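So the chains spell out like this:
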Amino acid sequence: MSNQQTDAKAAGAAKVDELDAVVIGAGFSGLYMLHRLRDELSMSVRVYETGDGVGGTWYWNRYPGARCDSESYIYCFSFSDELLQEWNWSGKYPEQPEILSYLNHVADRFDLRRDIQFSTRVTSALFREADNRWEIETDQGDRVSAQFLITAIGCISASNVPDIKGLDSFEGEWYHTGAWPHEPVDFNNKRVGIIGTGSSGVQSIPVIAERAGHLTVFQRTPQFTIPARHETVDQKFLEEVKANYDEIWHKARYSVGGIPADPVEVSALTVTAEERQAVYERGWAEGGFRFFFGTFGDIQVDRRANDTAAEFIRSKIRETVKDPEVAEKLLPTDHPFGSKRALIDTNYFETYNRDNVTLVDIRHNPIVEITSKGIRTEDGEYELDIIVFATGFDAMTGTFFKIDIRGRDGEALKDKWAEGPKTYLGLAAAGFPNMFMITGPGSPSVLSNMPVSIEQHVEWICDFIEHLREHDAEVAEAEREAEAAWVDHVNEAAEMTLFPLANSWYLGANIPGKPRVFMPYPGGVGNYREKCDEVAADGYEGFTLGAGRRGKRRTTRVS
Ligand code: NAP
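Note that this is a predicted model, so its numbers are computed, not measured.

Before going further, it helps to examine the nonpolar core. One recurring pattern in soluble globular proteins: nonpolar side chains tend to sit buried together. Ranked by internal contacts, the top residues of the largest apolar core, which has 137 residues, are Leu-37, Tyr-102, Phe-337 and Tyr-352. Among the elements that line this core, the one with the most residues is helix α16 (residues 450-470), at ten residues. With sequence-adjacent residues up to four places away left out, Tyr-102 is seen in contact with Phe-28, Cys-76, Phe-77, Leu-83, Trp-87 and Trp-89. Of all hydrophobic cores here, the second largest spans 22 residues; its members include Ile-24, Tyr-48, Val-122 and Phe-127.

A word on a negative patch on the surface. A surface patch of like charges, here negative, comprises Asp-463, Glu-466, Glu-470, Glu-530, Asp-533, Glu-534, Asp-538 and Glu-541. Mapping Asp-533 onto the fold places it in helix α18 (residues 525-537). Residue Asp-533 is classed as partly exposed on the basis of its relative accessible area, which comes to 39%.

Of all residues adjacent to the ligand, which total 24 residues, the nearest are Arg-67, Asp-69, Ser-200, Thr-221 and Lys-340. Note that an oxygen atom of the ligand is positioned 2.4 Å from one of the side-chain N or O atoms of Thr-221. For the ligand, an oxygen atom lies 3.2 Å from a polar atom in the side chain of Arg-341. Contact with the protein chains covers 88% of the free accessible surface of the ligand, which is 900 Å². In terms of residue count, helix α6 (residues 199-211) provides more of the shell around the ligand than any other element does, three residues in total.

Spatially, β13-β14-β15 is the arrangement adopted by the three strands of the open sheet, whose pairing is antiparallel. Whereas interior strands pair on both sides, the edge strands pair on one side only; in this sheet they are β13 (367-370) and β15 (380-383). The average undirected angle you get between the axes of adjacent strands in this sheet is 25°. For β13 and strand β14 (residues 374-377), the ladder comprises three bridges, and the chain directions are antiparallel. Bridged to Glu-369 within β14 is Arg-376.

Now for the sheet that holds strand β9 (residues 214-219). An order of β7-β16-β8-β9-β12 is seen for the five strands of this open sheet, with the pairing classed as parallel. Of all strands in the sheet, those with a lone pairing partner are β7 (173-176) and β12 (357-361), marking the two edges. The mean inter-strand angle of the sheet, taken between neighbouring strand axes irrespective of direction, is 15°. Most of the contacts of α6 go to strand β8 (residues 191-195), to which it runs at about 170°, and overall it touches β8, β9, β12 and β16 (386-389).

Moving on, we come to the pattern of salt bridges. Under the defined criterion, the tally for this structure stands at 31 salt bridges. Arg-114 is the partner of Asp-111 in a salt bridge, and the nearest nitrogen-oxygen pair spans 2.7 Å. You can call Arg-114 exposed: its relative accessible area is 52%. Put simply, Arg-303 and Asp-307 hold a salt bridge, and the shortest N to O gap is 3.3 Å. Of this pair, Arg-303 and Asp-307 both sit in helix α11 (residues 303-320), four residues apart, which is roughly one turn of that helix. One network of salt bridges, with partners in common, ties together Arg-38, Asp-39, Asp-111, Arg-114 and Asp-115.

Enumeration over the complete set of coordinates arrives at 50 aromatic pairs. Centroid distance Tyr-280 to Phe-312: 5.4 Å. Interplanar angle 35°. Geometry classified as tilted. Of the two residues, Tyr-280 is situated in helix α9 (residues 273-286) and Phe-312 in helix α11; the sequence distance between them amounts to 32 residues. With respect to class, Tyr-280 is no different from Phe-312; both count as buried. Taking the centre distance of 5.9 Å and the plane angle of 45° together, the rings of Tyr-521 and Tyr-528 count as tilted. Given the relative accessible area of 6%, Tyr-521 is considered buried. Here Tyr-528 falls in the buried class, since its relative accessible area comes to 1%. Of the aromatic side chains, those joined through ring pairs into one cluster are Phe-28, Tyr-32, Trp-58, Tyr-75, Phe-77, Phe-79, Trp-87, Trp-89, Tyr-102 and Phe-110. Just above the ring of Tyr-59 sits the side chain of Arg-62; from NZ or CZ to the centre is 5.0 Å.

Glancing now at the side chain of Asp-345. Assignment of secondary structure puts Asp-345 in strand β11 (residues 343-345). Despite being buried, Asp-345 has no salt bridge partner; Arg-229 is the closest side chain of opposite charge, sitting 8.0 Å away. Within the local environment of Asp-345, its side chain forms a polar contact with the side chain of Thr-225, the two groups lying 2.6 Å apart. When neighbours within four sequence positions are excluded, Asp-345 is seen to be in contact with Val-202, Thr-225, Ile-226, Pro-227 and Ala-228.

We now examine the packing of α16 against α18. For the pair α16 and α18, the least separation of the axes is 11 Å and the interaxial angle reads 0°. What the angle tells us is that α16 and α18 run roughly parallel. Contacts between α16 and α18 involve Val-452, Ser-453, Gln-456, His-457 and Trp-460 on the former and, on the latter, Val-525, Tyr-528, Arg-529, Cys-532, Asp-533, Val-535 and Ala-536. When its residues are assigned to classes, the contact of α16 with α18 shows seven nonpolar, three polar and two charged.

Rules of the game
Residues numbered from 1 in each chain as written. Predicted model: local features only at pLDDT ≥ 70, side-chain atom pairs only at ≥ 80, totals over all residues. Heavy atoms only, no water. Core = buried A, V, L, I, M, F, W, Y, C linked by side-chain atoms within 4.5 Å. Buried < 20%, exposed > 50% of the residue type's maximum accessible area, 1.4 Å probe, protein only. Helix = DSSP H or I, 4+ residues; strand = E, 2+ residues; numbered from the N terminus. Contact = heavy atoms within 4.5 Å. Patch = residues over 30% accessible without salt bridge, like charges linked within 9 Å, V, L, I, M, F, W, Y side chains within 5 Å. Areas by Shrake-Rupley, 256 points an atom, 1.4 Å probe, with all protein chains shown as cover. Salt bridge = Lys/Arg side-chain N within 4 Å of Asp/Glu carboxyl O. Lys, Arg positive; Asp, Glu negative; His and termini not counted. Charge placed at Lys NZ, Arg CZ, Asp CG, Glu CD. Near = heavy atom within 4 Å. Polar contact = N/O pair within 3.5 Å; in protein donor to acceptor, adjacent residues only side chain to side chain. Pairing = 2+ DSSP bridges. Axes fitted to C-alpha atoms, helices over the stretch in contact; angles between N-to-C directions. Phe/Tyr/Trp six-rings, centres within 6.5 Å; stacked < 30°, edge-to-face > 60°. Lys NZ or Arg CZ within 6 Å of the ring centre and 35° of its normal. Parallel < 35°, antiparallel > 145°, perpendicular 65-115°, else oblique. Nonpolar A, V, L, I, M, F, W, Y, C, P; charged D, E, K, R; others polar.

Set out below in structure tokens:
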């Protein structure tokens, strides 16, 4: 293995650096990938990162109220005991600045920055069949070649600003939650409009309402959301956690959603109405994902069971929101609870009791255009100083498509995925040898507590690379049959859930023209991990290993 650390720009554009691996992105995934490849496999690695700092999602999403829905003690890396023991979280649900500090600490602690090139966007990655290497170019004029290309680009990083007529004419300021400025936005006495009531909207609406002169919320789909019951971390709890981390992580790794929750087997339909109410009340009081995972075992798969949870939440909305007309507009009725991304909030429904907040139902009163002064809906114009787009992302595939990725025969990934992403295990794609995706489409990723899924992918990829080295195999490529079978399996698993019943970004439904395909793997992180382990134990079944050159491919498996 070469051990070249030359800076691409210092070396000049004409020189092509030869690396063992290029990693795209310096969020949770890219940081850990770099650490493992460089410090454990002694590979030469360069990470390219568009931002001028580490953090990925947590670098970009700085909107007011941004925090994680996973509890802090499990929203972190587990690979280093020392790191686990030395870091002290302050918030039960960590706020964006705290997570960003944590990731900066990780970068410093493991001396990662020296192999990350910041403020650099990868523009293309082409697989050269002649020598089985990836040729990578950036917007800063870098041109490097690498044996392995690893995408650590996140699942929700390509912001979606809807194409609404007139945005260019708006004379105020506008922002997207996913590309928030680094300087504070001054909402004081301003008339603010926000479009979108997903996770970002539900988190930012209560905070912006407290700061703004007036806030108008433009809501297309009412949401189910559960109170987070956020608080500062109880230090005694944290001490207990630290003493029991091995057990906690084991449970999380073999769970459904990557959190250490005990599975609940009881059906919502087999208990009495009083018992059901008591369980939901307890879940509501505990708050957060405990309501989702800790009440009944069938609310995610059985519509009738789900209806009972949905009706309970609707009753809470009616109870919380004082104006019955506003409450009615906030009631989610067109999709099952949890079929869009489950949300948790702090004072979301309470915010609609404020005098300075107006709710506009744009499903029945659609936005017609953005004017120089604000937003015009069918029933009139709302004058605004600031518009906030909390309108989400071109998720799971959008960030891939911003890079011109081409595999064998010059095939573009964008063409291969024109009818929806096709991957083997969400880790690799046929025709794209030696390219690995961390939390790619077809893996549990966004349906799980991300660090648990990220660590599993990074470790699996590293084990695979070691296996290739031990067997003198230069190239690994997913087989088309294995890929097709995995895509079928993901679809079948999705059909067994209630997810397909909502128009969600999981299905690409938020982006006009995007194929309606369920993208993450809904079979649970524990089952998924076992499948990946089986594939490895079986000599990386479903991959062809070998020299990889056309006509010389070894079709027998190396094991
Ligand atoms: P999102 O869930 O996709 O929500 C976007 C919102 O904008 C929805 O209410 C959507 O309405 C609305 N919208 C989109 N296009 C629109 C248009 N053209 N006109 C009017 N309304 C429009 O996006 P997000 O809230 O940014 O969250 C994305 C994901 O990021 C989350 O699901 C979650 O996985 C992650 N996230 C996590 C956290 C956390 O951990 N706390 C925080 C933020 C984000 P419809 O529902 O009708 O499409």
